[in-house]
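Observations on the three-dimensional arrangement
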Number of protein chains: 2
Amino acid sequence: MSLDGWRSPVVGVLGGLGPAATVTFLEQLVRFTDAACDQEHLDAIVLQHSSTPDRTDAILHPNTADDPAPVLVADATRLEAAGADFWVLPCNTAHHFVQAVTHAVDIPGVSIVQATAQAAVEHAEGGPIAVFATAGTVEAGVYADEIARQGGVCLPVPPAIQDGITRIIYEQVKANQPVDVALLNRCVARMLSAGASVIVFGCTELSVVYEQLGLDNRPELVDSLRCLTYATIVRAGRKVRA
Amino acid sequence: MSLDGWRSPVVGVLGGLGPAATVTFLEQLVRFTDAACDQEHLDAIVLQHSSTPDRTDAILHPNTADDPAPVLVADATRLEAAGADFWVLPCNTAHHFVQAVTHAVDIPGVSIVQATAQAAVEHAEGGPIAVFATAGTVEAGVYADEIARQGGVCLPVPPAIQDGITRIIYEQVKANQPVDVALLNRCVARMLSAGASVIVFGCTELSVVYEQLGLDNRPELVDSLRCLTYATIVRAGRKVRA
């Protein structure tokens, strides 16, 4: 369905998971779309659904935690009914639940995990890939499965480093607190010295930090939100700004 | 109407006018809502309708330019149908067209112009208020009327300074080009020496600059997007983070 008075394709954003990551994604869409005036930017419908149940909680405690899957399905259905031509979900952990979304709507999705795994595998050139993500993403094998499917090799992240990453995601970015940059740098350095060719920032909260610290000058880091941004712009038939 | 699985009140955002300003508004909503986890943030439906016809063009050339009013009315109707409990429009110039929106939907709106004029009049304590805005906003008297209604006094911006402001808005921020900070500083300094007690950043493109340059340490500057952010958080029944 095409939306009267809008330029197609209209991007549908399943947002709010978390809200800061969605804002960073939208900011990147504006920054990286090759446009010279307002009207040349992408049209998008964004459901900033901050109150969506916690994704990691649902993966780690499926019997007691609230299930985000029906919320995502309802929201994807809303996006389709509202006129979105494809959907994106700027949250890695939630990709554990996307099969239900894919089945529920007729419009296609652009996958952050698929786009990111592809960039990481290309960049690693056969070398080991470490993924910094929520415990939920790790537990669900979201990235491990997709990287293997694309012919890449994963280097598991030891528990002590995972604890640091979890702290940065939950106690700092999601809690609107300052990020412990030294801790993040230690996590990166330890995975590199353990043999990682590429480290994926496979959690959009880490993408917020990636932006804040200007880490795009470090080619060994592949950021998932950047990968989704580029894939979304291309899917919308537009050029990525150099 | 309340939206199943969402926390009310749901904020409806008439966005994309322009897209960068909407992103800054959403970023501020996250930064200034007093929340300790994702789920405590506001739920919002955002129509990032970048291709909406240019507002200033429509005010200055009503006979030849495309009219954004029917687009705004259709989008507000979409927001209401989708379950938004109130609407906001993070664009000052477009407030020239809001009367049509107000008549078309039953949900209330939070006005950026009203919130900003109130802050400016309070802060000016009877002194003159200068408004930096698009030529369209100035021509339509958007701020002059509201400031007068609230008992404030406006200090008109001379054409030479208005030209500089127009350049910053259209050739720099909207065009994704670097901002001429020296030019902005000259405009501010000249209005202060002309007797302004308060200068309103009455264009959301200028609000983007206000954020980038960290101008919230200058009490003589009142930023319209900040005023809308605070008013939205309060209208949603939440606390503004100190």
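Just so it is clear, the model here is predicted, and its values are computed rather than measured.

**Some details on the interface of chain B and chain A**
Accessible area lost upon the coming together of the parts serves often as the stated size of an interface. Contact with chain B, which involves 39 residues of that partner, is made by 38 residues of chain A. Interface area for chain B against chain A, summed over the two sides, is near 3,100 Å², with a carbon-plus-sulfur share of 50%. Our enumeration of links across chain B and chain A arrives at 4 salt bridges. Note that Lys174(A) and Asp38(B) form a salt bridge whose closest N and O atoms lie 2.8 Å from each other. There are 23 residue pairs in polar contact (both at pLDDT 80 or more) connecting chain B and chain A. Those elements giving two or more residues to the side of chain B that touches chain A turn out to be α1 (19–32), β2 (44–49) and α3 (69–82) of chain B. The element best represented in the side of chain B that touches chain A is α1(B), accounting for 7 residues.

**Focus on the sheet that holds β2(B)**
Whether parallel or antiparallel, the strands of a sheet pair through hydrogen bonds between backbone atoms. One open sheet accounts for 8 strands, arranged β4(A)-β3(A)-β1(A)-β2(A)-β2(B)-β1(B)-β3(B)-β4(B); its pairing is mixed. Each end of this open sheet is capped by a strand with a single partner; those strands are β4 (109–110) of chain A together with β4 (109–110) of chain B. Bridging between strand β1 (residues 11–15) of chain B and β2(B) involves 5 bridges; their strand directions are parallel. Pairing of Leu14(B) across the sheet is with Leu47(B), part of β2(B). Packing against the sheet, helix α1 (residues 19–32) of chain A makes contact with β1 (11–15), β2 (43–48) and β3 (86–88) of chain A together with β2 of chain B, and its axis sits at approximately 170° to β2(A). Sitting on the sheet, helix α11 (residues 224–235) of chain A touches β1, β3 and β4 of chain A, and the angle it makes with β3(A) is about 170°.

**Some details on the sheet that holds strand β8 (residues 221–223) of chain A**
Across the sheet, which stays open at both edges, the 4 strands sit in the order β6-β5-β7-β8 (chain A) with parallel pairing between neighbours. The sheet terminates laterally at β6 (153–154) and β8 of chain A, the two strands that pair on one side only.

**A word on the pattern of salt bridges**
It is possible for side chains bearing opposite charge to pair when their charged atoms get close. Using the criterion set out here, one finds 20 salt bridges over all chains in the structure. For Asp75(A), the salt bridge is made with Arg78(A), and the minimal N-O distance between the two is 2.8 Å. Of the two residues, Asp75(A) and Arg78(A) both sit in helix α3 (residues 69–82), 3 residues apart, roughly one turn of that helix. Where Glu211(B) meets Arg31(B), a salt bridge forms, and the shortest distance between an N and an O atom there is 2.6 Å. Residue Glu211(B) is located in helix α10 (residues 204–212), and its partner Arg31(B) is located in helix α1; the two are separated by 180 residues in the primary sequence. Judged by its relative accessible area of 19%, Glu211(B) falls in the buried class. Among the residues examined, Arg31(B) registers a relative accessible area of 25% and is labelled partly exposed. Residues joined by salt bridges that share partners form a network here, namely Glu27(A), Arg31(A), Glu211(A), Asp216(A) and Arg226(A).

**Considering the relation of the copies chain B and chain A**
Structural alignment of chain B on chain A gives an RMSD of 0.0 Å, achieved by rotating through 180° and translating 0.0 Å along the axis. Taken together, these values place the two copies in the relation of a two-fold axis. Taking the C-alpha atom as reference, chain B places Val46(B) closest to the rotation axis, 2.4 Å from it. The share of interface residues of chain B whose copies in chain A are also at the interface is 97%, consistent with both copies meeting through the same surface.

**Here's the deal with the packing of helix α5 (residues 112–124) of chain B against helix α7 (residues 142–149) of chain B**
Residue and element names in this part refer to chain B. The geometry of α5 relative to α7 is characterised by a closest axis approach of 9 Å and an angle of 55° between their N-to-C directions. Taken together, the axes of α5 and α7 are oblique relative to one another. Viewed along their axes, α5 and α7 form a crossing whose handedness is right-handed. Where α5 approaches α7, its residues Ile112, Val113, Gln114, Thr116, Ala117 and Val121 are matched on the opposing element by Val142, Tyr143, Glu146, Ile147 and Arg149. Each residue belonging to the contact of α5 with α7 can be placed in one class, and the counts come to 7 nonpolar, 2 polar and 2 charged.

**With respect to the packing of α1(A) against α11(A)**
Residues and elements named next belong to chain A. It is the contact of α1 with α11, at a shortest axis distance of 9 Å, that shows an interaxial angle of 50°. As far as their axial angle goes, α11 and α1 are oblique. α1 and α11 meet at a crossing whose hand is right-handed. Residues Ala21, Thr24, Phe25, Gln28, Leu29, Arg31 and Phe32 of α1 form the contact with α11, whose own contacting residues are Leu225, Arg226, Leu228, Thr229, Tyr230, Thr232 and Ile233. Looking at side-chain class alone, the contact of α1 with α11 contains 8 nonpolar, 4 polar and 2 charged residues.

**Topic: the packing of aromatic side chains**
Residues and elements named next belong to chain A. One pass over the full model with this rule turns up 6 aromatic pairs over all chains. Their ring planes at 85° and their centres at 5.4 Å tell us that Phe32 and Tyr230 sit as a pair that is edge-to-face. Pair noted here: Phe32 is in helix α1 and Tyr230 is in helix α11, with a separation of 198 residues, a long-range link. On the accessibility criterion, Tyr230 (29% relative accessible area) is partly exposed. Taken together through their ring pairs, the aromatic side chains of Phe132, Phe201 and Tyr210 make up a single cluster. In this structure, Lys174 packs its charged tip against the face of Tyr170, placed 5.5 Å from the ring centre. Taking NZ or CZ as reference, Arg235 lies 4.9 Å from the ring centre of Phe86, over its face.

**What to know about α10(B)**
Residue and element names in this part refer to chain B. Of all 9 residues that make up α10, 8 are buried, and the element is covered over most of its length. Within the sequence span of α10, burial applies to Thr204, Glu205, Leu206, Ser207, Val208, Val209, Tyr210 and Glu211. Taken from the residues just after α10, Gly214 is the one with a positive phi, measuring 60°.

How each quantity is defined
Residues numbered from 1 in each chain as written. Chains lettered and ligands numbered in written order. Predicted model: local features only at pLDDT ≥ 70, side-chain atom pairs only at ≥ 80, totals over all residues. Heavy atoms only, no water. Contact = heavy atoms within 4.5 Å. Buried area = accessible area lost by both parts, 1.4 Å probe. Salt bridge = Lys/Arg side-chain N within 4 Å of Asp/Glu carboxyl O. Polar contact = N/O pair within 3.5 Å; in protein donor to acceptor, adjacent residues only side chain to side chain. Helix = DSSP H or I, 4+ residues; strand = E, 2+ residues; numbered from the N terminus. Pairing = 2+ DSSP bridges. Axes fitted to C-alpha atoms, helices over the stretch in contact; angles between N-to-C directions. Buried < 20%, exposed > 50% of the residue type's maximum accessible area, 1.4 Å probe, protein only. Least-squares fit on C-alpha atoms with pLDDT ≥ 70 in both. Parallel < 35°, antiparallel > 145°, perpendicular 65-115°, else oblique. Left-handed = near helix turned anticlockwise from the far one by under 90°. Nonpolar A, V, L, I, M, F, W, Y, C, P; charged D, E, K, R; others polar. Phe/Tyr/Trp six-rings, centres within 6.5 Å; stacked < 30°, edge-to-face > 60°. Lys NZ or Arg CZ within 6 Å of the ring centre and 35° of its normal.

Read these as geometric descriptors, not functional statements.
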